Amino acid sequence: MKKLLACCFIVPVFFVLPAQSQPTRTENAIGKISFPTKKGSWTLQQYAPNVVKATFSPEAYITNENISDAVITKPLNTAIKQWYDGRSFNRSIQWKDFIVEVNNGTISFGPNKAVTIAGTYQDSGAHGFQFTLHEGEKIFGGGERALPLDRRGYRFNLYNNPWYGYSEGADNLNYSVPFFTSSKGYGLFFDNPSRGYADIGKTNPKIFEVGFISGELNVYIILGKDYKEILQSYHKLTGTQPLPPRWALGNLMSRFGYTSEIQVRDILGKMKSDGVPVDAVIFDLFWFGDSIKGTMGNLDWVNKKAWPNAKEMIGDFKKEGINTMLITEPFVLKSSLNYNQSKPFQAVDSLGKPYLLTDFYFGESGLIDIFRKDAQHWFWSKHKIQMDNGVEAWWGDLGEPEKHPSNLYHNLKDLGFKRLFKADEVHNLYGHTWTKMLYDSYAKDYPNKRLFSLNRSGFAGSQRYGIFPWTGDVSRSWSGLRSQLQVLLGMSMSGVPYVHSDAGGFAGGEGDNELYIRWLQMAAFTPIFRPHGTALYEVDKNAFSFPSEAALIDTPYRWFAKGIAYFRYTLLPYNYTLAYEQSKYGKPLIAPLYYHFPKDTTTYKIEDEFMWGQNILVSPILEKGVTKRRVFLPESKWYEFVSNKEIEGGKWIEAEVQLKEFPLFIKEGTFLPIWSPSKSFISSTNNFDSTKLELIYYPSNHPSEYSLYLDDGKTKQNLKEGKYELITFKGIMNGKKVIVDIQTNRPLNYQMAKGKEIIIQLPCQIKYPNMYVSLNKKVLDRTSMIKQSFSFLRKKDDGSQTQYEGIKLEFTGKPLHLEIEIE
């Protein structure tokens, strides 16, 4: 009996004690919440309903400064509720729409634990995070890599790195972005510009590890229902790209490099006589010297024999609608005119003395300490002199920086930091800060001017300072061409909107005209169209030279190249609207198929096609001598662009290929605005007339809508001040009847200066009077029709040209309702 009583007494005590020693505690907080772990402490802050920043502070970690300005969003002062027990580190944290679970050293974010930090670590001088990878999960992004778009299974550096003559497989290129997206519905952004790395399941197939040598250890967790929401959330966090000047979307004439005014005028003359439009001429390093080595840092037209009157030359170009763009570098050679003058503004050694780079390819040199305000002012003063001569835009080269030894130091006192920073701690922020310097200087001295600035290196957030990066010194080879799709698409998915390549290839080569044409065909559907390559000839006979200008290519390839350049201008209103959609909404200009068709598993395997905007599917030719090409069309109806043949998607097709064209498809429901002046030849974007518009509507049984963006193409504040116009087109095909509605959607403080002539076309022959056409319920007569001929846009199956008719409308801002019924 005593034993039984003892048992009865003990049992209830056994269950009660844990409840008394481990009570569940509830705390409320506003804005952010912090909690300890065995290795340090965590702080969580919400930046948007779907975005939380997690910051880890390891014990005894002293280089924890956040020197980046990538994030522009302010944290939310939202209510937070936390539940935790008194003995372990486990806890639950909840904002209104965001849940975090801490359990046995792991931290899980979002519903179904979409993101899990498996742990933190310190190893070989680096600190970082380890995330759990799910079975079948794909990881995209990370910046500029000639690697498959799904980077799972790879390890690469987060360190801006030049790579001369690269091709497929180049894993560490000029522009790293520590932003990644997952097929599991989340994105990760690590706001740390120091030297780092990402190991995405290479060392441990189940772990995604990211580490850095210095700086604040943080990660922004971005949840989203699809890639569009994740990428647009990232752009809300770090900013979108301002509108470029319209001329930047034209043909930019460039090579390495023009050596004299006579040469440039001669080539421009040939481009003009051959009918190749040009909007800018870009000068490489020979503008400030007569040799490749020994002159960098002069930053002036020192060779008066080659450039007798640069200001007059630039002015003459401007009269023809051609803008001048100059290269600069942040290195000032000891042999240059500006070395002694620049020494007070150079990066230093550990003793604070100007650091002399003794093994730099171009010669012994100092490096401008771009983080200092006085150094920025000095550097900009050299730009300003050339701006006063009429220079319109800038090309910043070697901005990684190309030579940046770890024992070189930078002064960040103007950013609020007292100590000197080693090169590796700030490396990835150098090109970003250079671009920001140009942007801020433009804003001060030219407040209405839009910046166009090429730079091959940057960081997260560089896009909001108007950076237009190119993909570096790519090999002039078929492998180099193929690598560009991986680089371009990977960068676009990393939040860099205007990445583009040296069209035609830059380094080496064999004079392959077919490669040149295929590269230009692809480049016509990228953010910037800039044929550029090594063409040194007598300057360096050991370097293979090949012209990048269409007018200098052998016939018949010359005519194909001319057609591509002209076609680029035909798409100007479409491309300019893409630029608006990026600035306004954070949409990518170029994207892999999976971005727009995430539910189609086939699209994840396709890396040799892409979408230009959301309406044009591009399938470039990436092999020599191709006559047929397999193309996958996602679920939809598509129109083959040249023949207008209708094709149902959701399948593979085999397309015929000719040298002068390649498979190009338009999604049903698309309104494609084109520029095709009937009375004047296109010489530059200066010819663009926004009062005469043409659109091709590709009919669909599903309703569609498109807004065309129009402004003056140059004024910086147009979007902010509402000085623009949106014309909205809605369309649907009901049986044999095509219905199109047109209305303006301009801001209230903007008045349309003139009425517009709009021509609506269909991708089929409209034979009047075998159709019924009404406008606002009133039948149109023959005089409202207009014939249009597009020899390079339209052809019959036998290759002959055909005439197409469009509906000409006068649009004054009042809504129009158009019905076309084809018998």
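Residues numbered from 1 in each chain as written. Predicted model: local features only at pLDDT ≥ 70, side-chain atom pairs only at ≥ 80, totals over all residues. Heavy atoms only, no water.

1. Overview of the confidence of the model for the protein chain
Okay, step 1: With 92% of its residues at a pLDDT of at least 70, the protein chain reaches an overall mean of 92.
Okay, step 2: Within the model, the stretch residues 1-23 combines pLDDT values under 50 with five contacts to residues more than four positions away or in other chains.
Okay, step 3: A low-confidence stretch, residues 787-802 (pLDDT under 50), is modelled with 41 contacts involving residues beyond four sequence positions or located in other chains. (pLDDT = per-residue confidence, 0-100. Contact = heavy atoms within 4.5 Å.)

2. Overview of the pattern of salt bridges
Okay, step 1: This structure, assessed with the given rule, holds 38 salt bridges.
Okay, step 2: With a closest N to O distance of 2.9 Å, Glu425 and Arg419 form a salt bridge.
Okay, step 3: Here Lys628 and Glu654 are joined by a salt bridge, their closest N and O atoms 3.8 Å apart. Taken together, the positions of Lys628 in strand S31 (residues 628-633) and Glu654 in strand S34 (residues 651-656) put the pair 26 residues apart, joining distant regions of the chain.
Okay, step 4: Taking relative accessible area as the criterion, Lys628 reaches 46% and is therefore assigned partly exposed.
Okay, step 5: Here the salt bridges do not stand alone but share partners, grouping Asp397, Glu400, Glu402, Arg456 and Asp473 into one network. (Salt bridge = Lys/Arg side-chain N within 4 Å of Asp/Glu carboxyl O. Helix = DSSP H or I, 4+ residues; strand = E, 2+ residues; numbered from the N terminus. Buried < 20%, exposed > 50% of the residue type's maximum accessible area, 1.4 Å probe, protein only.)

3. Structural notes on the nonpolar core
Okay, step 1: Core analysis: the biggest nonpolar cluster contains 205 residues, and Phe283, Phe452, Phe525, Phe729, Ile742 and Leu818 have the highest contact counts within it.
Okay, step 2: Contacts of Leu818, omitting those with residues within four sequence positions, involve Val738, Ile739, Val740, Ile760, Val773, Ser774, Leu775, Leu780, Ile807 and Leu809.
Okay, step 3: Ranked by size, the runner-up nonpolar core spans 39 residues in total, among them Ile33, Val115, Phe129 and Val219. (Core = buried A, V, L, I, M, F, W, Y, C linked by side-chain atoms within 4.5 Å.)

4. Things to note about the environment of Gly31
Okay, step 1: With respect to the helices and strands, the residue Gly31 is situated in the loop between strand S1 (25-30) and strand S2 (32-36).
Okay, step 2: On the accessibility criterion, Gly31 (6% relative accessible area) is buried.
Okay, step 3: Setting aside chain neighbours within four positions, we find Gly31 in contact with Leu44, Gln45, Gln46, Leu76, Asn77, Thr78, Ile80 and Trp95.

5. Quick notes on the sheet that holds strand S8 (residues 106-109)
Okay, step 1: Spatially, the ten strands line up as an open sheet ordered S1-S5-S6-S7-S8-S9-S10-S16-S15-S12, and their pairing is antiparallel. Sheet topology places S1 and strand S12 (154-158) at the edges, where each strand pairs with a single neighbour. Strand-to-strand, the axes of this sheet are offset by a mean angle of 20°, without reference to chain direction.
Okay, step 2: Two strands pair when backbone bridges link them, and strand S15 (residues 196-200) and strand S16 (residues 207-212) are joined in this way by five bridges, in the antiparallel orientation. (Pairing = 2+ DSSP bridges. Axes fitted to C-alpha atoms, helices over the stretch in contact; angles between N-to-C directions.)

6. Some details on the packing of helix H3 (residues 261-273) against helix H4 (residues 310-319)
Okay, step 1: Across the interface, H3 lies against H4 with an axial gap of 12 Å and an inter-helix angle of 10°. Classified by the angle between their axes, H3 and H4 sit roughly parallel to one another. Only Glu312, Met313, Asp316 and Phe317 of H4 make contact with H3, whose side of the interface consists of Glu261, Val264, Arg265 and Leu268.
Okay, step 2: For the contact of H3 with H4, the per-class residue count stands at four nonpolar, no polar and four charged. (Parallel < 35°, antiparallel > 145°, perpendicular 65-115°, else oblique. Nonpolar A, V, L, I, M, F, W, Y, C, P; charged D, E, K, R; others polar.)

7. A closer look at the packing of aromatic side chains
Okay, step 1: Counting across every chain of the model gives 61 aromatic pairs.
Okay, step 2: Geometrically, the ring pair formed by Tyr580 and Tyr724 is tilted, given 6.3 Å between the ring centres and 45° between the ring planes. Remark: Tyr724 occurs in the loop between helix H14 (718-721) and strand S39 (725-734) and Tyr580 occurs in helix H12 (residues 572-585); sequence separation between them is 144 residues.
Okay, step 3: The exposure class assigned to Tyr724 is buried, which follows from its relative accessible area of 9%.
Okay, step 4: Through pairs of rings, three or more aromatic residues link up here, namely Trp42, Phe56, Phe129, Phe131, Phe156, Phe180, Phe190, Phe208 and Phe212.
Okay, step 5: For Arg155, the ring lying beneath its charged end belongs to Tyr197, and the centroid distance is 4.0 Å.
Okay, step 6: When the ring centre of Tyr446 is taken as origin, the NZ or CZ atom of Lys449, which lies over that ring, is 5.8 Å away. (Phe/Tyr/Trp six-rings, centres within 6.5 Å; stacked < 30°, edge-to-face > 60°. Lys NZ or Arg CZ within 6 Å of the ring centre and 35° of its normal.)

8. What about helix H6 (residues 373-388)?
Okay, step 1: Helix length check: H6 (16 residues) gives 22 Å between terminal C-alpha atoms against 22 Å at 1.5 Å per residue, within 8%.
Okay, step 2: Buried within H6 are the following residues: Ala375, Gln376, Trp378, Phe379, Trp380, Lys382, His383, Gln386 and Met387.
Okay, step 3: Looking at the packing, one finds that the buried side of H6 touches strand S20 (323-328), strand S21 (331-333), helix H5 (339-342), strand S23 (393-396) and helix H8 (430-445).
Okay, step 4: Downstream of H6 by one or two residues, Gly390 has phi in the positive range, about 110°. (Expected span 1.5 Å × (residues − 1).)

9. A short note on the packing of helix H11 (residues 557-570) against H12
Okay, step 1: Taken N-terminus to C-terminus, the directions of H11 and H12 make an angle of 55°; their axes are 5 Å apart at the nearest point. Judged by the angle between their axes, H11 and H12 are oblique. For the pair formed by H11 and H12, the contact residues are Arg568, Tyr569 and Thr570 on the first element and Leu572, Pro573 and Asn575 on the second.

10. Let's talk about helix H2 (residues 227-238)
Okay, step 1: Taking 1.5 Å per residue as the helical rise, H2 with its twelve residues ought to reach 16 Å, and the 16 Å between its terminal C-alpha atoms agrees with that figure.
Okay, step 2: Taken together, the buried positions of H2 are occupied by Tyr227, Ile230, Leu231, Ser233, Tyr234, His235, Leu237 and Thr238.
Okay, step 3: Between the side-chain oxygen at the start of H2 and the backbone nitrogen of Lys228 there is a gap of 3.2 Å, and the oxygen is on Asp226.
Okay, step 4: Remark: Gly239 follows H2 within two positions and exhibits a positive phi of approximately 105°. (Polar contact = N/O pair within 3.5 Å; in protein donor to acceptor, adjacent residues only side chain to side chain.)

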